[in-house]
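Per-entry structural report
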Amino acid sequence: MCEQIVQQFMGTWLNHHYDERSTKKIIQREILQLALRSEKPIRSSDVSSHLSIHIDTARRLLRKMVKENILRPEGNGTMRFHSFVANRENLDDRIIH
């Protein structure tokens, strides 16, 4: 009985974390494709409208992608960034395909 409960818990936990990682990858891929297709740097408002998400969520996703070196900030700012471009030097198959 105890083993069954542990297996059920682990199955639920693993499925939850797998779904979370795959969802993150899909969202990052969409943002990256948006940046690659765009003729100008993308902004959080572009991501927000493209993915139908709140602007704060779009900002958080863009900051995370900059930290992961997928996107890079565009412009002269050093403290706050408003536009982003794909970091073409760091593109790999994990995100694009």
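Quick note: structure is the one above.
Reference entry: report on the structure contained in this document. None of these values were measured; they are calculated from a predicted model.

This brings us to the overall build of the protein chain. Within the protein chain, the secondary structure is distributed over four helices and two strands. Secondary structure elements in the protein chain, listed N-terminal to C-terminal, are α-α-α-β-β-α. Here the protein chain, with 97 residues, has 22% of them falling under the buried criterion. Contacts spanning at least 24 positions in sequence make up 44% of the contacts within the protein chain whose residues lie at least 6 apart. Accessible area for the protein chain stands at about 7,500 Å²; split by element, carbon and sulfur atoms hold 53% of it.

Between the first and last C-alpha of helix α3 (residues 55-67) there are 19 Å, a value that for 13 residues agrees with the 18 Å anticipated at 1.5 Å per step. All of the buried residues in α3 are A58, L61, L62 and M65. For α3, the angular spread of buried residues about the axis comes to 100 degrees, placing them on one side. Once α3 finishes, N69 follows within two positions and takes phi at roughly 65 degrees, a positive value.

Scoring rules and cut-offs
Residue numbering note: each chain is counted from 1, following its sequence as written. With the structure being a predicted model, the display of local features is reserved for residues of pLDDT at least 70 and the display and counting of side-chain atom pairs for 80 or more, all residues being used for whole-chain, interface and lining totals. With hydrogens and water excluded, all non-hydrogen atoms of the structure serve as input to the side-chain values. Only DSSP runs of H or I covering at least 4 residues are called helices, and only runs of E covering at least 2 are called strands; the numbering of each starts at the N terminus. Whether a residue is buried, partly exposed or exposed follows from its accessible area with a 1.4 Å probe, protein chains only, as a fraction of its type maximum: under 20%, in between, or over 50%, in that order. Residue contacts are counted whenever heavy atoms from the two residues lie within 4.5 Å of one another. Values of accessible area rely on a 1.4 Å probe in the Shrake-Rupley scheme; residue burial ignores everything except the protein chains shown. Here, expected helix span is obtained from the residue count minus one, scaled by 1.5 Å. The arc in question is the one spanned by the directions pointing from the helix axis to the C-beta atoms.

In short, the description is geometric, and any link to function would need to be established separately.
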